[in-house]
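Listed below are the residues making up each chain.
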Amino acid sequence: MLHVDKVDSLLTEKLKITATGLVPFRCYKFYLKLHYHQGHFHSYCVIRSDEFGKIDLSKDKPIRGTYHDVDPMGLFISLQASQELRFGGSLRNDLAKPSLVSDSEKVLDEINLKKHWFHPLVTKIEVSQDGLYGTIFKPPGDGPFPCIIDIPGANGKISNGVAAVYSLEGFLVYTLAFFDYKDLPKRCRDADKHINFIQSLPYCSDKIGLYGMSLGGTIVNFLSTKHPELSAVCSMNGPESFYKPTALLKENGKLMECEYFDHKLSININGVIKQSPSFTAAFEKLKPETSIKWNQISENISFRIIVSFEGTATRQGNPRRSSGTATHQGKPRRTSELRNAPRETATHMSTLDDWILDGVVNGSNVRRQLINSGHHVEVSNCAPPNFISRAPLQIDYVPGGHLIYLPYYPHSSHTYNKFDRLSLGFGGECTLHGKSQETIWENNFKFFKKVLGTPPSLPDYERDTVVVVPDSELKRDSKL
């Protein structure tokens, strides 16, 4: 009755979910439950069967549910935490169970699913040498492979999730820890040694890209000022500069000069902190000596900006908005000249419904800095209709909060930050944010393949035809 085309699949693979043999023109509920040891996540939709007693989630629109448009992965993009999950908790698991329920709430059929964040044929190599800690995800074969380096965010520790998913497309991927891990310093430190290390590997090609989210996004922008040999930089929701007292790096052996981040300007909403006013105030005071040295980035590096939003936005009279020409070291350059010049490429993404940053202002300021320092800015044509810009290129807007993590990763509205000792709000509406994660990752893959080159496709692995949820997970589900 209930059918899923791949019960065992990679995280990024879309599934086809259908139900047949139903009573025609009757409403049925599809329920998805994602198992996690701290409490499950769930989503649902109610859809009416057709005249043949069939429902196809890729074609049929829900009458009601956690998502509202036709979407084959609607149940996955709209997963929400149950009340079992602790306040601010997030997912670290990949098992799911969809069920088919009649309008009388009787369970008619159910199937267990498994989604892999990590391809079974990719080799995972732990790195621990000379003060370097990290994880390499190496595709099968001798290479050399185009490489993506994943720079962690505010916790500084190794986070294998993003790196594992990038490796699903055949890239060599390296993720690392650069502070607050084992014997490393408690605060930010330079990551140059990691770039030199990955360049020395015999199976790494000369096409290397950086990816960073949040503070990691700021760090990859900074590293691009020091490493002109990089081919691509992807910055997701990275603040436009570092700030004190919590986000500092050393440059030439000294702590860099930064603007002060005033926590008192943040807003407390039901115990969750909205930090965007503090960031806006800090970055309004930026001076050349407290800013990233954008003019030190190779002119051959171009940037594409993606900004997420909730609804439309009208921005007028912004004194920091960019003009219609791009300059480098005071010399005006025509946009056509920049487009035709050979170049490396980078991408910067921001979110408008971001409780950490003001996504529009932050993204626009980064774009302005890049254009004024003579760099081409590649953008997608998805701006809100009321957005006004004098610049020749628009900014791409997609809905979401600060934590654009992985495709089909349940939305986290807030989490506890041990450095600030409070619960930080991320923002974003669950389903819109989930859809943006799917779309952004598809575009990230395309971007890195375009710039670094498309790596060989990974061979398929032996997939399970039946997935059994461990008894321990079932027992946890029945604890309430």
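Note: the structure precedes this text.
Overview of the structure. In this text, all values refer to a predicted model and were calculated from it rather than measured experimentally.

Quick notes on the rules
- Residues numbered from 1 in each chain as written.
- Predicted model: local features only at pLDDT ≥ 70, side-chain atom pairs only at ≥ 80, totals over all residues.
- Heavy atoms only, no water.
- Helix = DSSP H or I, 4+ residues; strand = E, 2+ residues; numbered from the N terminus.
- Buried < 20%, exposed > 50% of the residue type's maximum accessible area, 1.4 Å probe, protein only.
- Contact = heavy atoms within 4.5 Å.
- Areas by Shrake-Rupley, 256 points an atom, 1.4 Å probe, with all protein chains shown as cover.
- 1 Å grid on protein atoms, 1.4 Å probe; cavity = no way out; pocket = protein on both sides within 12 Å on 5 of 7 lines; lining within 4 Å.
- Points joined across faces, edges and corners; volume = space filled by probe spheres on them.
- Nonpolar A, V, L, I, M, F, W, Y, C, P; charged D, E, K, R; others polar.
- Domains from an automatic or database assignment.
- Pairing = 2+ DSSP bridges.
- Axes fitted to C-alpha atoms, helices over the stretch in contact; angles between N-to-C directions.
- Parallel < 35°, antiparallel > 145°, perpendicular 65-115°, else oblique.
- Left-handed = near helix turned anticlockwise from the far one by under 90°.
- Phe/Tyr/Trp six-rings, centres within 6.5 Å; stacked < 30°, edge-to-face > 60°.
- Core = buried A, V, L, I, M, F, W, Y, C linked by side-chain atoms within 4.5 Å.

Assigned secondary structure in the protein chain consists of nine helices and 30 strands. Burial status across the protein chain gives 57% buried among its 480 residues. Sequence separation of 24 or more characterises 71% of the internal contacts of the protein chain that already satisfy a separation of 6 or more. Looking at the protein chain as shown, the accessible area adds up to about 20500 Å², and 50% of this sits on carbon and sulfur atoms.

This part takes up the layout of surface pockets. Its boundaries defined by the atoms lining it, the second largest pocket holds a volume of some 270 Å³. If one sorts the elements of the lining of the second largest pocket by residue count, helix 8 (residues 430-452) sits on top with five residues. Taken together, the residues that form the lining of the second largest pocket break down as six nonpolar, five polar and four charged. Of the domains in this structure, domain 1 (2-116) and domain 2 (123-311 + 350-452) are the two that each give at least three residues to the lining of the second largest pocket.

Glancing now at helix 3 (residues 192-199). Within helix 3, burial applies to Asp192, His194, Ile195, Phe197 and Ile198. Buried residues along helix 3 sit against strand 12 (123-129), strand 13 (132-138), strand 14 (145-151), strand 15 (172-177), strand 16 (204-213) and helix 4 (215-224).

Let us now look at the pairing of strand 4 (residues 27-35). By the criterion of burial, strand 4 is predominantly enclosed, with seven of the nine residues buried. Here strand 4 pairs with strand 5 (residues 41-48) via eight bridges, running antiparallel. In the sheet register, tyrosine 31 faces strand 5, and the bridge partner there is tyrosine 44. Count of turn residues in the strand 4/strand 5 antiparallel hairpin: five residues, of which glycine 39 carries a positive phi of about 135°.

Attention now goes to the packing of helix 2 (residues 160-167) against helix 8. Closest axis-to-axis distance for the helix 2/helix 8 pair is 11 Å, and the angle between their directions is 60°. As far as their axial angle goes, helix 8 and helix 2 are oblique. Considering the relative orientation of helix 2 and helix 8, their crossing is right-handed. Where helix 2 abuts helix 8, its residues Val162, Val165 and Tyr166 lie against Trp441, Asn444, Phe445 and Phe448. Considered class by class, the residues forming the contact of helix 2 with helix 8 number six nonpolar, one polar and no charged.

Before going further, it helps to spend a moment on the sheet that holds strand 1 (residues 2-4). Reading across the sheet, the three strands line up as 1-3-6 and stay open at both edges, with antiparallel pairing between neighbours. Both outer strands of the open sheet, strand 1 and strand 6 (55-56), are each paired with one neighbouring strand and no more. Looking at chain direction, strand 1 and strand 3 (residues 17-19) are connected through three bridges and run antiparallel. Of the residues in strand 3, the one forming a bridge with leucine 2 is alanine 19.

On to the packing of aromatic side chains, then. The geometry of an aromatic ring pair comes down to the distance between the two centres and the angle between the two planes. For the structure shown, the criterion picks out 19 aromatic pairs. Arranged with centres 5.4 Å apart and planes meeting at 70°, the rings of tyrosine 166 and tyrosine 211 form a pair that is edge-to-face. With a gap of 45 residues between them, tyrosine 166 in helix 2 and tyrosine 211 in strand 16 connect regions that are remote in the sequence. For the residue pair tyrosine 166 and tyrosine 211, the accessibility class agrees, reading buried in each case.

Another point: the nonpolar core. By size, the foremost hydrophobic cluster in this structure holds 112 residues, and its most contacted members are Phe30, Phe76, Ile149, Tyr166, Tyr211, Leu406 and Phe448. The biggest single contributor to this core is helix 8, with seven residues. When residues of this core are assigned to domains, at least three fall in each of domain 1 (2-116) and domain 2 (123-311 + 350-452). Excluding its chain neighbours within four sequence positions, the residues that come into contact with isoleucine 149 are Tyr174, Leu176, Ile195, Ile198, Ile208, Gly209, Leu210 and Tyr211.

Interpretation in functional terms is not warranted from these geometric data alone.
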